[in-house]
Amino acid sequence: MSDIFPKPVAVVTGASSGIGAVYAERLASRGFDLVLVARRADRLKALAARLSRDFGAKVDILPADLTSDDDIGRIEEVLATNPLVSLLVNNAGNGKIGATVDMSSEDAAATIALNVTALTRLTKAVLPALLSRNAGAIINVASVLAVHALPMASLYSGTKAFVLNFSRGLQQELAGTGVRVQVVLPAGTATEFYDHSGVSLSAFDPAIIMSAEDLVDAALAGFDKGETVTMPSVHNLALWEAYDAARTNLFASTQTGTPASRYRSA
Ligand SMILES: NC(=O)c1ccc[n+]([C@@H]2O[C@H](COP(=O)([O-])OP(=O)(O)OC[C@H]3O[C@@H](n4cnc5c(N)ncnc54)[C@H](OP(=O)(O)O)[C@@H]3O)[C@@H](O)[C@H]2O)c1
């Protein structure tokens, strides 16, 4: 396609491996040009070359550490000013597995900076631009641990619960506009995540682990259906619907203004 009819641009964070690299490939095959973000420039460069060759995509790489204020600022600038950006995939994320009491303050701060602060800042940077064009989408990659806390993953669960709730609030703020937010909740997925988390992938039953390709294909199928929350590994959708209905009913039941009788002295 010539520059007279430029392709839409997708910005994918954490594109140097795993789920993000598959998103980049699938989006290139769907006709997007790409901006790829992660720290490992060599990986981004190799992926960019492959996607340009295989799909004719224009692929820019922006090596960046998304825990660095300056580096986030560079990505914010692109999101706010490139008029072709129509999709942001907030995928970069990490989490150390281990008891909170043993976690270093540096590791804790880095996980919050990446999973929460960077995702929030990039979302805020792109939103005004998407709203001015009344079109586009943000895909936020959370985790099934957004709805379930496990010991040894407390902080990680907390950051992913933030991603889920932040996304769901945004969906309501954006209702009636042409801008969409999808939040994706992967369960165990075969990526390098486990190399960095401190627990080997081999410690898990392979039967409960999905490939990154299946995960992204299912998530994009959910996106195409207009889903707001996508849990690719959940076969029985009624379970999610019951959970979400219970959450809504529980919230409604909090709006009483009075303490429940179990908290009143006899
Ligand atoms: N794998 C799972 O079982 C699983 C389950 C649920 C949710 N998730 C979520 O899925 C997302 C993708 O993870 P993955 O499984 O594909 O793991 P992965 O292969 O380790 O990919 C993580 C990506 O994030 C990037 N990243 C990490 N720290 C960064 C930083 N400081 N600045 C910029 N980029 C950074 C990494 O690139 P560089 O190292 O090159 O910077 C890499 O591209 C994460 O949000 C993760 O929480 C994964």
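Residues numbered from 1 in each chain as written. Predicted model: local features only at pLDDT ≥ 70, side-chain atom pairs only at ≥ 80, totals over all residues. Heavy atoms only, no water.

Peer 1: I'd love a proper account of the sheet that holds strand β5 (residues 136-141), names of residues and values included.
Peer 2: Within a sheet, each strand pairs with its neighbour through backbone hydrogen bonds, oriented either parallel or antiparallel. Ordered by their spatial adjacency, 7 strands build an open sheet running β3-β2-β1-β4-β5-β6-β9, and the pairing between neighbours is parallel. Strands at the two margins of the open sheet, each flanked by one partner only, are β3 (59-63) and β9 (229-230). As paired elements, strand β2 (residues 33-38) and β3 share 5 bridges and run parallel to each other. If you follow V37 over to β3, its bridge partner there is L62. Across the sheet, helix α7 (residues 212-224) touches β5, β6 (179-184) and β9, and the angle it forms with β6 is around 145 degrees. (Pairing = 2+ DSSP bridges. Helix = DSSP H or I, 4+ residues; strand = E, 2+ residues; numbered from the N terminus. Contact = heavy atoms within 4.5 Å. Axes fitted to C-alpha atoms, helices over the stretch in contact; angles between N-to-C directions.)

Peer 1: Describe in detail the site of the ligand, supporting the description with residues and values.
Peer 2: By nearness alone, 31 residues border the ligand, and R39, N91, Y156, T191 and Y194 come closest of all. Here an oxygen atom of the ligand and a backbone polar atom of N91 are 2.7 Å apart. Y194 is positioned such that a nitrogen or oxygen atom in its side chain is 2.6 Å from an oxygen atom of the ligand. Relative to its free-state accessible area of 870 Å², the ligand is covered by the protein chains to the extent of 97%. (Near = heavy atom within 4 Å. Polar contact = N/O pair within 3.5 Å; in protein donor to acceptor, adjacent residues only side chain to side chain. Areas by Shrake-Rupley, 256 points an atom, 1.4 Å probe, with all protein chains shown as cover.)

Peer 1: Could you give an account of the pairing of strand β4 (residues 85-90), with specific residues and numbers?
Peer 2: Among the 6 residues in β4, 5 count as buried, and that is most of the element. Bridging between strand β1 (residues 9-13) and β4 involves 4 bridges; their strand directions are parallel. Each residue of the ladder has a partner; that of A10, found in β4, is L87. Sheet analysis places β4 next to β5, joined by 4 bridges and oriented parallel. Bridged to L88 within β5 is I138. Assessed by its sense of winding, the connection that carries the chain from β4 through helix α4 (residues 105-133) to β5 is right-handed. (Buried < 20%, exposed > 50% of the residue type's maximum accessible area, 1.4 Å probe, protein only. Right-handed = clockwise from strand over helix to strand, strands pointing away.)

Peer 1: An account of the pattern of salt bridges is requested, with residue identities and associated values reported.
Peer 2: What the rule picks out here adds up to 14 salt bridges. Across the salt bridge formed by R247 and D244, the nearest N and O atoms sit 2.8 Å from each other. Here the residue R247 and the residue D244 both occupy positions in helix α8 (residues 237-253), the gap between them amounting to 3 residues, near one helical turn. Look at D244 and you get buried, because its relative accessible area is 15%. Several salt bridges converge on common partners, so that one network encompasses E25, R26, R50 and D217. (Salt bridge = Lys/Arg side-chain N within 4 Å of Asp/Glu carboxyl O.)

Peer 1: A description of unusual backbone geometry should follow, citing residues and the corresponding values.
Peer 2: Its identity as a non-glycine residue notwithstanding, N134 has a phi of 50 degrees, on the positive side. Its identity as a non-glycine residue notwithstanding, M152 has a phi of 80 degrees, on the positive side. Locating M152 in the fold gives a position in the loop between β5 and α5 (154-173). For M152, a relative accessible area of 42% translates into the label partly exposed.

Peer 1: Give a detailed account of the nonpolar core, specifying residues and quantitative values.
Peer 2: Ranked by size, the top nonpolar core spans 33 residues in total, and within it V12, Y23, L27, L34, L36, L87 and I139 carry the most contacts. Those elements that provide at least two residues to this core are β1, α1 (18-29), β2, α2 (41-55), β4, β5 and α7. (Core = buried A, V, L, I, M, F, W, Y, C linked by side-chain atoms within 4.5 Å.)

Peer 1: So what's going on with the packing of α1 against α7? Which residues, and what values?
Peer 2: Helix packing geometry: the angle between the two helix axes and the distance between the axes. Where α1 contacts α7, the two axes come as close as 9 Å, and the packing angle between them is 55 degrees. With respect to each other, α1 and α7 are oriented oblique. In the packing of α1 onto α7, the handedness of the crossing is right-handed. On the side of α1, the interface is formed by G18, I19, V22, Y23, R26 and L27, while α7 contributes A212, E213, L215, V216, D217, A219 and L220. Counted by class, the contact of α1 with α7 contains 9 nonpolar, 1 polar and 3 charged residues. (Parallel < 35°, antiparallel > 145°, perpendicular 65-115°, else oblique. Left-handed = near helix turned anticlockwise from the far one by under 90°. Nonpolar A, V, L, I, M, F, W, Y, C, P; charged D, E, K, R; others polar.)

Peer 1: Describe the side chain of N140, with residues and values.
Peer 2: Among the structural elements, N140 can be located in strand β5. Here N90 takes part through its side chain, which lies 2.9 Å from a polar atom of the side chain of N140. The contact partners of N140, leaving out residues within four places of it in the chain, are N90, L119, T123, V163, S167, V181, Q182, V183 and V184.

Peer 1: Please give an account of the packing of aromatic side chains that cites residues and values.
Peer 2: Within the structure shown, the criterion is met by 5 aromatic pairs. Considering the side-chain rings of Y156 and F193, the 5.4 Å spacing of their centres and the 55 degrees angle between planes classify their relative orientation as tilted. One end of the pair, Y156, is in helix α5; the other, F193, is in helix α6 (residues 193-197), with 37 residues separating them in the sequence. Judged by relative accessible area, which is 11%, Y156 ranks as buried. Above the face of the F223 ring, R180 is positioned so that its terminal group lies 4.1 Å from the ring centre. (Phe/Tyr/Trp six-rings, centres within 6.5 Å; stacked < 30°, edge-to-face > 60°. Lys NZ or Arg CZ within 6 Å of the ring centre and 35° of its normal.)

Any functional reading would require information that these geometric values do not contain.
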